[in-house]
Amino acid sequence: MSTVSPQRIPKVTTHKLQEMKFKGEKIAMLTAYDFSMARLLDRAGIDVILVGDSASNVMAGYTSTLPITLNEMIYHASGVVRGVQRALVIVDLPFGTYQGNSKIALQSSIRIMKEAGADAVKMEGGREILESVDRILSAGIPVMGHLGLTPQSINKFGTYVVRATDPQEASKLIEDAHLLQNAGCFGIVLEKIPAKLATEVATGLRIPIIGIGAGSAVDGQVLVLHDMLGITTEFSPRFLRRYHNLSEEIMGSVKSYISDVKSVDFPNEKEQY
Ligand code: KIV
């Protein structure tokens, strides 16, 4: 008797992302924070899933990304990893788990890799995080950078407006991007910066540059899943394309359910034993 072995789906790797950049094939990345959504994204063919610390906002209801803890990120990430066969899974190091201490940064990254089974970590910042990047990479953990609007620094900047619009901030961003590449980061997210500056970074660097509010000339795009599906409605920056209005669909379904329960239309004869 012959047995049919399950088909193995080749996993997206950091090398694959590099190849995609060389070939000019755009990289599609979305956030996810749980098993069910991650499985849908993976089956739909997404290249990269980011377990973003935006979970702090969209999953936990905080007003910033600062409160989410490492344990909570590991909880979200482990569900995502269980739902994924193909996509590369990158997990954000949350606020307070890497800044200013490279040993703590390494310990936090090791927990994410070991306890959640992630493929890589992402962290915000340039020159100031280089020692941590170096230490994490020395343990064989791939690191993605994040420049431009860095939400973990909201209390320093006080606003979520477009970043690097003045020449001084723009040249610091370019310098930071080169430093991250030279340190060994496999990619960088550029958030909410002028498209012209993002183009300059993407063409000047070898590694893939993923944009969110950074124009179309970068190597890939990322959006927060709950924003692009219209589950969240209050957040409407110019760069956001909404592909669905799920908040209305969900509320419509819930209202129908309430009405069916109240009118004893649910369950009917066929829906009981
Ligand atoms: O946390 C997050 O979702 C992110 C994306 C906005 C890039 O970092």
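### Overview of the overall build of the protein chain
Argument step 1. A tally of regular secondary structure across the protein chain gives 11 helices and 8 strands.
Argument step 2. Computed over C-alpha atoms, the radius of gyration of the protein chain comes to 20 Å, within 12% of the 19 Å expected from 2.2 N^0.38 for 273 residues, which places it in the range of a compact globule.
Argument step 3. The proportion of buried residues among the 273 residues of the protein chain is 47%.
Argument step 4. A fraction of 59% describes how many contacts in the protein chain between residues 6 or more apart in sequence connect residues 24 or more apart.
Argument step 5. Put simply, the protein chain shows about 14,700 Å² of open surface, and 55% of that area lies on carbon and sulfur atoms.
Argument step 6. With 28 positive and 29 negative side-chain charges, the protein chain shows a spacing of 4 Å between the two charge centroids.

### Looking at the site of the ligand
Argument step 1. Surrounding the ligand, one finds 13 residues, the nearest of these being Gly 52, Asp 53, Ser 54, Asp 92 and Lys 122.
Argument step 2. A distance of 3.0 Å separates an oxygen atom of the ligand from a polar atom in the side chain of Asp 53.
Argument step 3. Contact between the ligand and Asp 92: an oxygen atom at 3.1 Å from a side-chain N or O atom of the residue.
Argument step 4. Contact with the protein chains covers 95% of the free accessible surface of the ligand, which is 260 Å².
Argument step 5. Here the shell around the ligand is composed, by residue class, of 5 nonpolar, 4 polar and 4 charged.

### A closer look at the domain arrangement of the protein chain
Argument step 1. Here the protein chain is partitioned into domain 1 (14-242) and domain 2 (246-273).
Argument step 2. For domain 1 versus domain 2, the separation of C-alpha centres amounts to 39 Å.

### Structural notes on the pairing of strand 2 (residues 48-51)
Argument step 1. What you see with strand 2 is no split at all: Val 48 and Leu 50 on one side and Ile 49 and Val 51 on the other are buried throughout.
Argument step 2. The pairing of strand 1 (residues 27-31) with strand 2 spans 3 bridges and is parallel. Directly across from Met 29, in strand 2, lies its bridge partner Val 48.
Argument step 3. Running through helix 2 (residues 35-44), the crossover from strand 1 to the neighbouring parallel element strand 2 is right-handed.
Argument step 4. Relative to strand 3 (residues 88-92), strand 2 runs parallel, the two sharing 4 bridges. The residue bridging Val 51 from the neighbouring strand is Val 91, located in strand 3.

### Quick look at the pattern of salt bridges
Argument step 1. Enumeration over the complete set of coordinates arrives at 8 salt bridges.
Argument step 2. Close ionic contact of Arg 127 with Glu 175 constitutes a salt bridge, the shortest N to O distance being 2.6 Å. Residue Arg 127 is found in the loop between strand 4 (120-124) and helix 6 (130-138), and its partner Glu 175 is found in helix 8 (residues 167-183); the two are separated by 48 residues along the sequence.

### A short note on the environment of Ile 231
Argument step 1. Following the sequence through the fold, Ile 231 ends up in the loop between helix 10 (225-228) and helix 11 (246-262).
Argument step 2. Residue classification places Ile 231 among the partly exposed residues on the basis of a relative accessible area of 26%.
Argument step 3. Sequence-wise, Ile 231 and Ser 247 are 16 residues apart; in three dimensions their C-alpha atoms are separated by 4.5 Å.
Argument step 4. When neighbours within four sequence positions are excluded, Ile 231 is seen to be in contact with Met 37, His 226, Leu 246 and Ser 247.

The rules behind the values
Residues numbered from 1 in each chain as written. Predicted model: local features only at pLDDT ≥ 70, side-chain atom pairs only at ≥ 80, totals over all residues. Heavy atoms only, no water. Helix = DSSP H or I, 4+ residues; strand = E, 2+ residues; numbered from the N terminus. Rg over C-alpha atoms; globule rule 2.2 N^0.38 Å. Buried < 20%, exposed > 50% of the residue type's maximum accessible area, 1.4 Å probe, protein only. Contact = heavy atoms within 4.5 Å. Areas by Shrake-Rupley, 256 points an atom, 1.4 Å probe, with all protein chains shown as cover. Lys, Arg positive; Asp, Glu negative; His and termini not counted. Charge placed at Lys NZ, Arg CZ, Asp CG, Glu CD. Near = heavy atom within 4 Å. Polar contact = N/O pair within 3.5 Å; in protein donor to acceptor, adjacent residues only side chain to side chain. Nonpolar A, V, L, I, M, F, W, Y, C, P; charged D, E, K, R; others polar. Domains from an automatic or database assignment. Pairing = 2+ DSSP bridges. Right-handed = clockwise from strand over helix to strand, strands pointing away. Salt bridge = Lys/Arg side-chain N within 4 Å of Asp/Glu carboxyl O.

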